[in-house]
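Breakdown of the fold
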Amino acid sequence: MRLPETAIEVTEADDGDLFLRVLDEALDALHTADIPFLLIGGIGSAVYGRDQGTRDIDVFVRPETSRRVLEELGARGFETKEVAERWLSKAMKDGVLVDVIFRSTRDILLGDEMLRRSRVMPFRGREVPLAPPEDLVVMKACAMSAAIPWPFGGSSQTSTPR
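Here's a quick rundown of the structure. (Residues numbered from 1 in each chain as written. Predicted model: local features only at pLDDT ≥ 70, side-chain atom pairs only at ≥ 80, totals over all residues. Heavy atoms only, no water.)

Here we take up the overall build of the protein chain. Along the protein chain, the regular secondary structure elements total five helices and seven strands. Going residue by residue from the N terminus, the α and β elements of the protein chain occur as α-β-α-β-α-β-β-β-α-β-β-α. Residues classed as buried in the protein chain amount to 43% of the 162 residues present. (Helix = DSSP H or I, 4+ residues; strand = E, 2+ residues; numbered from the N terminus. Buried < 20%, exposed > 50% of the residue type's maximum accessible area, 1.4 Å probe, protein only.)

Okay, here's the thing in structure tokens:
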């Protein structure tokens, strides 16, 4: 199935039970297929102490497994789409969005070392594999610095402060 260009997204705040059901289906698909992955984004932030709810499910995978992730999710009834060849694909089921991220800002990749340091932690009554907190902080800081304008024009990715 292909992800439609315009789709109504269902967040955790909109329908918590549906969000968690889709999370469980995505986790089961990846575990069953034995694909290494970690959760990042809002779920990681919620578990590590900054719970503001989450709009989507951010799954961090190795670049070489990203297409297989889409195939496995597609086989479970998710609609899928490759969005940005260099770093991102998306899947959706019943309006709940799953971002399949295979390259974070500044070329941070999922590797053996990050997997060794990962943690399995409770989230809303289930155990989920999470990126280590220090990696989440670095990913978020890099992503935020790319979006912050410098005082003399441009952004931190395009300009050097004077």
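Following the sequence through the fold, Asp135 ends up in helix 5 (residues 133–147). Classification of Asp135 by relative accessible area gives buried; the value is 13%. Ignoring sequence-local partners within four residues, the contact set of Asp135 consists of Met114 and Arg117. (Contact = heavy atoms within 4.5 Å.)

Per the stated rule, a full pass over the model turns up 14 salt bridges. The residue Asp24 makes a salt bridge to Arg126 at a minimum N-O spacing of 2.6 Å. Linking Asp24 in helix 1 (residues 16–32) with Arg126 in strand 7 (residues 126–130), this pair joins segments that are 102 residues apart in sequence. Looking at Asp24, the relative accessible area reads 31%, which means it is partly exposed. With a closest N to O distance of 2.7 Å, Asp28 and Arg76 form a salt bridge. Of this pair, Asp28 sits in helix 1 while Arg76 sits in the loop between helix 3 (66–75) and strand 3 (79–84), and the two are 48 residues apart along the sequence. (Salt bridge = Lys/Arg side-chain N within 4 Å of Asp/Glu carboxyl O.)

Turning to the environment of Leu18, a few remarks are in order. Relative to the helices and strands, Leu18 is located in helix 1. Taking C-alpha positions, Leu18 is 9.1 Å from Gly95, a pair spaced 77 residues apart along the chain. Excluding residues that lie within four positions of it along the chain, Leu18 makes contacts with Val10, Asp94 and Val96.

Once that is clear, we can look at the pairing of strand 3. In this sheet, strand 4 (residues 88–93) lies alongside strand 3 in antiparallel orientation, the contact comprising five bridges. Within strand 4, the position partnered with Lys81 by the bridge is Lys90. Counted along the chain from strand 3 to the antiparallel partner strand 4, the turn is three residues long. (Pairing = 2+ DSSP bridges.)

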